[in-house]
Structures are given as C-alpha cells and as structure tokens.
Amino acid sequence: MEKDSTRQGRKDTAAEIFNCIEAWREQAAVSNSPHTVEAYRNAMDLYIRFLDQSLHITTKDFTWECFSREKIEKWMGWLTERGNKPQTVNLRLSHIREFLAYMEGRSAAAYGHLYHEAVRIKRMKTLHAEVKGVSDAAVEAVLKAIDTSTEAGARDFVLLLFLNETGARLNETISVRMKDIHTDSKGKVTVTVTGKGGYIRTLYLTPVLTRKLKEYIIRFHGKMPDEEEYLFFSRIKGKYSKITARAIQKRVKELAQTAHKDCDEVPLDLHPHNYRHAYGTRRIKQGKQIAVVQREMGHRCIQSTMTYIDTSSMIEQAQEAMENEEIRKIKPVWTGSDSLLAMYRSRFPT
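The structure displayed is predicted, hence computed values, not measured ones.

1. Quick look at the overall build of the protein
- Summing up its helical and strand segments, the protein has 15 helices and five strands in all.
- Counting over 350 residues, the protein shows a buried share of 45%.
- The long-range fraction of contacts in the protein, counting pairs at least 24 apart against all pairs at least 6 apart in sequence, stands at 63%.
- Accessible surface for the protein amounts to roughly 18600 Å². Of this, 52% is attributable to carbon and sulfur atoms.

See below:
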C-alpha cells in the first residue's frame, strides 16, 4: 500500500512538471513568434525522448532533478551522436535554459539551482560562422519597423522587399535604372540586372512587389521618369546617382536593432546579403530545382548555388522531422503505464 502511494506521488510529480511545461509554452506563445514556440516544443520533445529512451526514466522516476546539469550535458552528447551540429545543439540548450529560467521566475528557492547549473553548461564550439538567411517572421518585423511616411522609410521598405522577393545582390539592386524596368501588355513587371562578370539576367517580380514598386515609382519618379534615373537614388546627389551600398548596410543594421525588440528572430547583425541567402534557401524548400535557382540567382556555375544554399540546415530539418515522426508513433493515449514518453505525448499530442 505504501509503495503504491509512493509511486502515485511520483506520477503526480511528473504531472506537475508537465503542467509547468504547458504553462511555459503558453507564456512563450504570447511574446514569441510561432517559429520560436515550435523550436521550444521540439527541444522539449527531444529532451523527454532522451530521458525515456536513453536514460530509461519512467514516470515514477521523473522528478525535477531530471533537469540537472549532468543530464542536460548527456542530452547534448546524445543530440551530437544523432548528427545535430554544434549550432543546433547550442540552440536547443538555450531552449531548455529558457524553460528553467521560467521556473526560477516562479520559485527561485525551488528551481533556481537548476537554472544556474544549466547556465554554467559550456556551449559547444562551432567551427565557423555560417551565412544565414532571415526568417519570414524577421522579414515582417523589419518591414514593420520602417516608418513609410518618410521618404527614406518608403525607399527602405521597397528596397528591402525587393531584396527579399528577388534574391538580387545589393549592388545589382542599387544599380537598377528606370530603363531596366519593363512592363508587358498584361501589366507584369520584370527587371533586368547585371551581375558579377557582366552576367545579365531577368528578375520576375511577385504581385506584391509589383504593386509596391509601382507606387514607389509614382511617388519618387513621377509618371514619365527619365530612363537614366536610378531606381534607388542618392537623396543628396539626386536621381542620376545611385545610393551607396554602405548607406543601405548601415540602415539595415539600424532597422534590425529596432525590430529585434519585437521579434528575437531578427539578427542584430542583419546584412542585406542575408535576404539573398534566405531567397535561395526558400526556393529550394519550395521544390525548385537547383538549375532553376542557379539561373534566378545569377550563378555562373551550379557549384556556387550548391555551396551557397544552407543544405546542412535542410538536412537537420529533415532529421528533426524524422525525429518528430518517430515520437508521433508513440501511442498518444496514456493508460497509466510507466512510460514517460507516452505520458508526455498524451499531454502534448502533435
């Protein structure tokens, strides 16, 4: 009888922890993007799976000490063995720390030691800083941070939208003259750009970009612009002098500082080239063939496209999808067994 009572008490502890995880996720959803909330969920899913399948923790063994520094470090090793790169392991570590920070906020006396021990865990060393794209949420946040009522803001909005929607290089974009913009009989707009080595290609604009670009041209160039005018010109030197790349780079960093306050997915070191990288990665994810993306991005050789696009992150996403699929195979209804993962999945079905 006493053993049954003890076992029930430990299962009550497991239920208590799951209640806290649920509360943490609900709070995170209020102040973070859906992408971030999903990342939190994935990290916790993998942590519970590690406890269940690697350490063989059951519901009767599941206590707050399962979030000890020792176990988290073992989890990081487990992730590495599964092929997660150091950057991914570090990111998932930060998500578990976020949960423990939340718990410390609820009761420093009860959970503070777990959080402070987690903070002491050393991040894994990364070999190099990879070129990163920018998420859809970050793009939206940066655009929202722009004051389009001002001339500079209206220009910045269309220029960044242009970079994001076409994948053009910054220098290609600021070198566009009015004579490079063409409208067919159906109102579709294309832009001719000259890339590296004098390589000329045509950019096909999305409906949203087409509409915004037409509005911009009417506002800044009028209905009958001179074909030699630069699309994005210097406000100081005039329409026949293009704005400098340095000026745009500086402006993008300023906008990133502002936008990051509302969306933590916005990198503080945001650079115009991040938009090009994001475009290439996005097109591959949409199922476009490498050769098509090569032409769109103006690469002379397909090897440039292959090395430029962050295929490693796609591999990790595929791996994560498989990991989540394996978790989904666990029977979602918990019937009182000691399976930690089954109980977790019954509380948090996917």
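2. Topic: the confidence of the model for the protein
- Taken as a whole, the protein shows an average pLDDT of 86; of its residues, 84% reach a score of 70 or greater.
- Element-level mean pLDDT values for the protein span from 53 in helix α14 (residues 311–328) up to 97 in helix α8 (residues 170–174).
- Confidence over residues 1–7 falls short of pLDDT 50; this stretch has two contacts with residues more than four positions distant or in other chains.

3. Observations regarding the packing of helix α7 (residues 151–166) against helix α9 (residues 207–221)
- Interaxial distance between α7 and α9 falls to 10 Å at its minimum, and their mutual angle equals 150 degrees. It follows from the interaxial angle that α7 and α9 lie roughly antiparallel. As α7 runs across α9, the sense of the crossing is left-handed. Between α7 and α9, the residues in contact are E151, A154, R155, F157, V158, L161, F162, E165 and T166 and V208, L209, K212, L213, Y216, R219 and F220, respectively.
- Its residues assigned to classes, the contact of α7 with α9 shows ten nonpolar, one polar and five charged.

4. Remarks on the layout of surface pockets
- Size it by volume and the second largest pocket reaches roughly 290 Å³.
- Lining of the second largest pocket is provided by 14 residues; of these, T166, Y204, Y279, R283 and E296 occupy positions nearest its centre.
- Among the elements that make up the lining of the second largest pocket, the one with the highest residue count is strand β3 (residues 200–204) (four residues).
- Of the residues assigned to the lining of the second largest pocket, the class counts are three nonpolar, five polar and six charged.

Each value, and the rule that gives it
Residues numbered from 1 in each chain as written. Predicted model: local features only at pLDDT ≥ 70, side-chain atom pairs only at ≥ 80, totals over all residues. Heavy atoms only, no water. Helix = DSSP H or I, 4+ residues; strand = E, 2+ residues; numbered from the N terminus. Buried < 20%, exposed > 50% of the residue type's maximum accessible area, 1.4 Å probe, protein only. Contact = heavy atoms within 4.5 Å. Areas by Shrake-Rupley, 256 points an atom, 1.4 Å probe, with all protein chains shown as cover. pLDDT = per-residue confidence, 0-100. Axes fitted to C-alpha atoms, helices over the stretch in contact; angles between N-to-C directions. Parallel < 35°, antiparallel > 145°, perpendicular 65-115°, else oblique. Left-handed = near helix turned anticlockwise from the far one by under 90°. Nonpolar A, V, L, I, M, F, W, Y, C, P; charged D, E, K, R; others polar. 1 Å grid on protein atoms, 1.4 Å probe; cavity = no way out; pocket = protein on both sides within 12 Å on 5 of 7 lines; lining within 4 Å. Points joined across faces, edges and corners; volume = space filled by probe spheres on them.

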